[in-house]
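Chain by chain, the residues:
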Amino acid sequence: MNLGAVLAEPIAAMTSPGRKRAIALATVLLGAAGPATAAPAGGVASPTSSPAVDDGDAAPGEPALTDAELLAQSEAEAEAEVIEVWEERPEKPFDRDTTRRLTGAELAARGATDLGSALALLPDVSVRDVGRGGFNVDIRGARKGAVRVLIDGVSVSDPYYGTFDVSTIPVTDIAEIRVSTSPSSPIDGPGGPGGVIEVHTHDAIGPSFTIARLVGTTQRGATASATGRVALTDRLAVRLSTTAGVGNEEFSTPRGSVDEDRRATSGALRLEYRHGQRRVVVDGFADDRRYLAPPSDELATALFLLVGNESTGRVGVAFDDALGASQRLQLKAASWLHATSKQSFNFRDPALTELANSEDLFALRAGGQALLTRPIGRDARWVTSITVDHERARSENQRAEVTRAEVTTVEVAAGGQYQRGRLRLDGAAGLAVPLGIEAGPWPEAKLSAKLDATAWASVEAIAARKGRVPSLRERFFDGNGGNTGLDPEQASHGELRVVVRPRAGVELTAAPYLRLTTGTLKVGPPPDNLLVNLSRLRVAGVDLLARAELTTWAELG
């Protein structure tokens, strides 16, 4: 079998953003296998033909090139084209309107340990300790469940709190982080009026690798993580990852000292199948942790919260395929199941002997999405989607009192994309329908227009209207039984973004924005301290970002 003939077809089928690395890698393989031969018009290589590429043989008296030097030389010769071999599918069903901000290689160089510490590197994203273990993100003041977190296109919000602990995704899993500081598109489903964090993890299919990290801190804590992938067959591969962390920091309070005594373990598995345009992915995730949330220093009567066991599990299935004789109609379908079990105890003393109350919680989130998209000519495409998301929870306190709640949200959306020359338009409209609560349907929409005015400057205008249903905790469990009368939050957003790149490695961004929100949640007056809706909240500001690459190893921002 001729290796050149074997490699020619998959390389030729690749799109142009990465053929360079494929050609370079093929050159090394051909050099290692023997003289490469040029194929005649019929496609069969002649064994007596002259070598099609330089096999890297050294001239008499000169040292032979190593494989690494040969690879570098071949990449330089193939400078016109750049591609990753099997690292990412050549065609994806749909690209969201998020912007790539960080890659896995950049995160490794900057010392990030998980998704939380990675997002902390972005000036327009705030990462905060939620006080009950883990970390949440804010974007431009949008908190709680207003910021949507997508892992490989699937929302991973907690079925009870409506948030996501960004410290549970190890940096070894992350291939790319994308961010939108404007509301999510209706195409993505319900929620996300405050912005989108989109994380692409490593595919299971690709060159085998193993990545491991070990980090220790002066606060008597350590975290270890590892990720690896391997091919099972020529169409099936698996990726595994695991993370473990411990901590034993001592907190001082007015009533005495208390040890954090934290531990957390998690693991993820991805099984991926590819055949042509068809792709099937099964993702599994499990996390178990124990931690102590110390009371506020300002409240002498505040309780010590001990979470003795908090377990989270997620299972997702994704399916991509091209349909029809022309293979131009693309289908993307996904389903998910998230479950959380949590036992928490509140103590009056730092010795954790005087129990004040306890809670045994179980929450479940299940749903699915179907998305269809097809090109219209050479410059446009249409897209439509339907998303169903169901949440339910059961809570029992130490007096054996049980509280149950559930809500379902359905969103139907349609939109289109147009790009020609330097102009790109992206728009979608949808209808969100909540079921199980006293709230009616509401319309949602998002439109963005981007113009690359010159080779070094671009302007983008964004207008959006998006809402979210309050989480189960906010409606049914928070405070003294929650507030079942809460209305959904509704946000109208307008933004103008100007990006200037006066020279290579230098980027300046100015983004004035205005967000008008009705129904923003706020803790009401005592003694009830129930959450209430604000009538209207106006947030205005300007994001000013500057970045300059000083050298290949130093950047100023």
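Residues numbered from 1 in each chain as written. Predicted model: local features only at pLDDT ≥ 70, side-chain atom pairs only at ≥ 80, totals over all residues. Heavy atoms only, no water.

Participant: Please explain the overall build of the protein chain as it appears in this structure.
Facilitator: If you tally the helices and strands in the protein chain, you get six helices and 28 strands. For the protein chain, the proportion of its 557 residues judged to be buried stands at 43%. Within the protein chain, contacts between residues at least 6 apart in sequence are counted, and of these 60% link residues at least 24 apart. Element-wise, carbon and sulfur atoms account for 57% of the exposed surface of the protein chain, whose accessible area totals about 27800 Å². (Helix = DSSP H or I, 4+ residues; strand = E, 2+ residues; numbered from the N terminus. Buried < 20%, exposed > 50% of the residue type's maximum accessible area, 1.4 Å probe, protein only. Contact = heavy atoms within 4.5 Å. Areas by Shrake-Rupley, 256 points an atom, 1.4 Å probe, with all protein chains shown as cover.)

Participant: It is not clear to me how the nonpolar core should be interpreted in this structure. Could you clarify?
Facilitator: By size, the foremost hydrophobic cluster in this structure holds 25 residues, and its most contacted members are Leu107, Leu115, Leu119, Val125, Ile177 and Ile197. Going through the elements one at a time, helix H5 (115-119), strand S4 (147-151), strand S6 (174-180) and strand S7 (195-201) are the ones with two or more residues in this core. (Core = buried A, V, L, I, M, F, W, Y, C linked by side-chain atoms within 4.5 Å.)

Participant: Quick question: what am I supposed to make of the sheet that holds S4 here?
Facilitator: Picture the strands of a sheet paired through backbone hydrogen bonds; they go either parallel or antiparallel. Read from one edge of the open sheet, five strands run S1-S6-S7-S4-S5, paired in mixed fashion. Each end of this open sheet is capped by a strand with a single partner; those strands are strand S1 (99-103) and strand S5 (154-155). Where S4 lies against S7, five bridges are found, and the strand directions are parallel. If you follow Val149 over to S7, its bridge partner there is Ile197. (Pairing = 2+ DSSP bridges.)

Participant: Help me understand the side chain of Lys446 in this model?
Facilitator: Along the polypeptide, Lys446 turns up in strand S21 (residues 442-454). For Lys446, the side chain forms a polar contact with the side chain of Ser182, separated by 3.0 Å. (Polar contact = N/O pair within 3.5 Å; in protein donor to acceptor, adjacent residues only side chain to side chain.)

Participant: Just to check I follow, could you spell out the pairing of strand S27 (residues 537-551) for this structure?
Facilitator: As a general feature of sheets, a regular strand has side chains that alternate between the two faces. Summarising the sheet, strand S24 (residues 506-518) and S27 pair through 12 bridges and their orientation is antiparallel. Bridging from a neighbouring strand, Leu516 pairs with Arg538 of S27.

Participant: I tried to follow the pairing of strand S16 (residues 329-347) on my own but got confused; where do I start?
Facilitator: In this structure, strand S15 (residues 304-323) lies alongside S16, joined through 19 bridges in antiparallel fashion. Considered in S16, the bridge of Val307 is made with Ser344. Connecting S15 to the antiparallel partner S16 that follows it, the hairpin turn spans five residues, and Gly324 within it adopts a positive phi of roughly 85°. Strand direction decides the pairing type here: S16 and strand S17 (residues 355-376), joined by 18 bridges, are antiparallel. Bridging from a neighbouring strand, Thr340 pairs with Ala363 of S17.

Participant: I'm lost on the packing of aromatic side chains in this one. Help?
Facilitator: Geometrically, a pair of aromatic rings is defined through the distance of the ring centres and the angle of the planes. Taken as a whole and assessed by the stated rule, the structure comprises one aromatic pair. Residues Tyr160 and Tyr161 carry aromatic rings whose centres are separated by 4.8 Å and whose planes lie at 80° to one another, so their mutual orientation is edge-to-face. The pair Tyr160 / Tyr161 is uniform in exposure class, with both members buried. In this arrangement the basic side chain of Arg140 is found over the ring face of Tyr513, its NZ or CZ atom lying 3.9 Å from the centre. (Phe/Tyr/Trp six-rings, centres within 6.5 Å; stacked < 30°, edge-to-face > 60°. Lys NZ or Arg CZ within 6 Å of the ring centre and 35° of its normal.)

Participant: What am I meant to see in unusual backbone geometry here?
Facilitator: Across residues other than glycine, the phi torsion is negative in most instances, and most of the peptide bonds are trans. With phi around 55°, Arg140 is a residue other than glycine that occupies positive phi space. Within the element layout of this structure, Arg140 appears in the loop between strand S3 (135-138) and S4. Given the relative accessible area of 10%, Arg140 is considered buried. Backbone geometry places Gln327, a non-glycine residue, at a positive phi of 60°. Looking at the secondary structure, you find Gln327 in the loop between S15 and S16.

Participant: Just to check I follow, could you spell out the environment of Ala445 for this structure?
Facilitator: Structurally, Ala445 is set in strand S21. Among residues more than four places away in sequence, those in contact with Ala445 are Pro186, Ala428, Ala429, Ala463, Ala464 and Arg465.

Participant: Looking at this structure, how should I read the pattern of salt bridges?
Facilitator: Opposite charge on two side chains permits pairing when their charged atoms draw close. Applying the stated rule across the entire model yields 33 salt bridges. With a shortest N-O distance of 3.0 Å, Arg263 and Asp288 are connected by a salt bridge. Of this pair, Arg263 sits in strand S13 (residues 262-275) while Asp288 is found in strand S14 (residues 278-293), placing the two residues 25 residues apart along the sequence. Residue Arg263 is classed as partly exposed on the basis of its relative accessible area of 34%. Residue Asp389 pairs with Arg365 through a salt bridge whose shortest N-O separation is 3.1 Å. (Salt bridge = Lys/Arg side-chain N within 4 Å of Asp/Glu carboxyl O.)

Participant: I keep staring at the environment of Asp97 and nothing clicks. Help me out?
Facilitator: With respect to the helices, strands and loops of the structure, Asp97 is situated in the loop between helix H3 (67-77) and S1. Along the primary structure Asp97 and Ser448 are separated by 351 residues, whereas in three dimensions their C-alpha atoms are 8.8 Å apart. Asp97 has contacts with Ser180, Asp426 and Lys446, leaving out every residue within four places of it along the chain.

Participant: Got a minute to help me understand the environment of Leu355 in this structure?
Facilitator: Among the structural elements, Leu355 can be located in strand S17. Taking the C-alpha atoms as reference, Leu355 lies 9.4 Å from Phe304; in sequence the two are 51 residues apart. Non-local contacts of Leu355, meaning those with residues more than four positions away in its chain, are made with Phe345, Asn346, Phe347, Arg348 and Gln398.

Participant: Looking at this model, I keep getting lost on the side chain of Ser225. Mind explaining?
Facilitator: Position of Ser225 relative to the elements: it lies in strand S9 (residues 221-231). Residue Ser225 is classed as buried on the basis of its relative accessible area of 8%. If we skip the residues at most four places from it in the chain, Ser225 touches Pro170, Thr172, Ile211, Ala212, Arg213, Thr242 and Thr243.

Participant: Can you walk me through the confidence of the model for the protein chain in this structure?
Facilitator: Regions with low pLDDT should not have their predicted coordinates read in detail. Residue-level pLDDT values for the protein chain average 79, and 78% of them are 70 or greater. Low pLDDT, under 50, characterises residues 1-62; the stretch is placed with 81 contacts to residues that sit more than four places away or in other chains. Ignoring residues within four places in sequence, the model shows residues 77-91, a span with pLDDT below 50, making 42 contacts including any to other chains. (pLDDT = per-residue confidence, 0-100.)

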